[in-house]
Amino acid sequence: MVLLLIQSALFLAVVALLIGALIVDRSGVHGRDYLVFEQRAVLSQQLTVAAFVLVIVEFLVGTPLLGAVLAIVAALWVLWWLPAEHRRFDVNVQSVFDARPEAVAAVMFDISEQPRWMDSIVRTVLETPGLLRKGSVIRQTLRVSGQDLIAKLVVVELVPYERLMLQVIVRHAELFDLFEVQPHREGSIVTYSGRHQLSRLNAVLTGWRLPALRRAFAARRTANLERLRTIVHPAPIARRA
């Protein structure tokens, strides 16, 4: 009887934690600040991990052998994601443009042009007075699940007409975007790459999706470059007969 009561209490606690995680996660999307969105996502992940811990405890109470196996597997899984290099992945896509490097960089490095060729970007504004330079802060409005969120980015590196590196200001992860333009015999070779490092909690819960995430990010960047191509080198207007 006591064992049944303990298992019932654990089950109800798991359900409550999962419902709470879902509510917190959904509430984050309805905010405007990306940092608030990130913080609520982390809280949702913490509640989800707590629910999984209670599931393991429930197995330990009811079927100790199976519970012990689950606990060992879970511990090994968590330990695997502790090193930063296991939670980090790079995405790099390149394309050759039939345009001079200066013409490509004039659009690619102009942050006000980002909504025209970057998916999910609604508006980009330079917050730091003056021209774009290393240390400049950019305010970016992006659309996530139909809601607009405001994120801030900082210019980490800028080599005019050659290289621009931006870092998204977040607390629990690392997000970098790198834009590069180099001369090519056919015009320019354009590189759009990025580095993404998941937080430990995010990696524990979604680390198994890293290969799919890498492919999705690469596909999105490739599509962005194709949109950029149409801006830098628009198709000729057909002549009337």
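In what follows, the structure referred to is the one given above.
Here's what I pulled together on the structure shown here. (Residues numbered from 1 in each chain as written. Predicted model: local features only at pLDDT ≥ 70, side-chain atom pairs only at ≥ 80, totals over all residues. Heavy atoms only, no water.)

With that settled, the discussion passes to the sheet that holds strand β6 (residues 174-184). Across the sheet, 7 strands lie side by side as β1-β7-β6-β5-β4-β3-β2; this open sheet has antiparallel pairing. Each edge of the open sheet is held by one strand with a lone partner, namely β1 (88-97) and β2 (121-126). Averaged over all pairs of adjacent strands, the angle between their axes in this sheet comes to 20°, without regard to strand direction. As paired elements, strand β3 (residues 137-144) and strand β4 (residues 147-159) share 8 bridges and run antiparallel to each other. Paired with Val137 across the bridge in β4 is Val154. Here helix α2 (residues 34-62) sits on the sheet and contacts β3, β4 and β6; the angle it forms with β4, its principal contact strand, is near 105°. Running over the sheet, helix α4 (residues 101-108) touches β1, β6 and β7 (187-197) and is turned about 160° from β6. (Pairing = 2+ DSSP bridges. Helix = DSSP H or I, 4+ residues; strand = E, 2+ residues; numbered from the N terminus. Axes fitted to C-alpha atoms, helices over the stretch in contact; angles between N-to-C directions. Contact = heavy atoms within 4.5 Å.)

Between its terminal C-alpha atoms α2 stretches 42 Å, which fits the 42 Å expected from 29 residues at 1.5 Å a residue. Those residues of α2 that fall on the buried side of the exposure criterion are Tyr34, Phe37, Glu38, Ala41, Val42, Ser44, Gln45, Thr48, Ala51 and Ile56. Backbone nitrogen of Leu35 and a side-chain oxygen of the N-cap are separated by 2.9 Å at the start of α2; the cap is Asp33. (Expected span 1.5 Å × (residues − 1). Buried < 20%, exposed > 50% of the residue type's maximum accessible area, 1.4 Å probe, protein only. Polar contact = N/O pair within 3.5 Å; in protein donor to acceptor, adjacent residues only side chain to side chain.)

The sheet contact formed by β2 and β3 spans 5 bridges and is antiparallel. The residue of β3 that forms the bridge with Ile121 is Leu142. If you look at the hairpin formed by β3 and β4, you'll find 2 residues sitting between the two strands, and Ser145 has a positive phi there, around 50°.

Below, the discussion takes up the side chain of Asn224. Note on placement: Asn224 falls in helix α7 (residues 210-232). Its relative accessible area of 2% is what places Asn224 among the buried residues.

Take the packing of α4 against α7 next. Each pair of packed helices can be described by the angle between their axes along with the distance between the axes. Two elements in contact, α4 and α7, have axes whose closest approach is 10 Å; the angle formed by their N-to-C orientations is 115°. As α4 runs across α7, the sense of the crossing is right-handed. Contacts between α4 and α7 involve Ala103, Val104, Val107 and Met108 from the first element and Leu225, Leu228, Ile231 and Val232 from the second. Of the residues assigned to the contact of α4 with α7, the class counts are 8 nonpolar, no polar and no charged. (Left-handed = near helix turned anticlockwise from the far one by under 90°. Nonpolar A, V, L, I, M, F, W, Y, C, P; charged D, E, K, R; others polar.)

This part covers the pattern of salt bridges. A full pass over the atoms with the stated rule returns 11 salt bridges. A salt bridge links Glu113 to Arg116, with the shortest nitrogen-to-oxygen separation between them at 2.8 Å. On the basis of relative accessible area, Glu113 is assigned to the buried category, the value being 19%. Of the charged contacts in the structure, one is a salt bridge between Lys152 and Glu127, with a shortest N-O distance of 3.4 Å. You can see Lys152 sitting in strand β4 and its partner Glu127 sitting in the loop between β2 and β3, a full 25 residues away along the chain. Several salt bridges converge on common partners, so that one network encompasses Glu127, Arg139 and Lys152. (Salt bridge = Lys/Arg side-chain N within 4 Å of Asp/Glu carboxyl O.)

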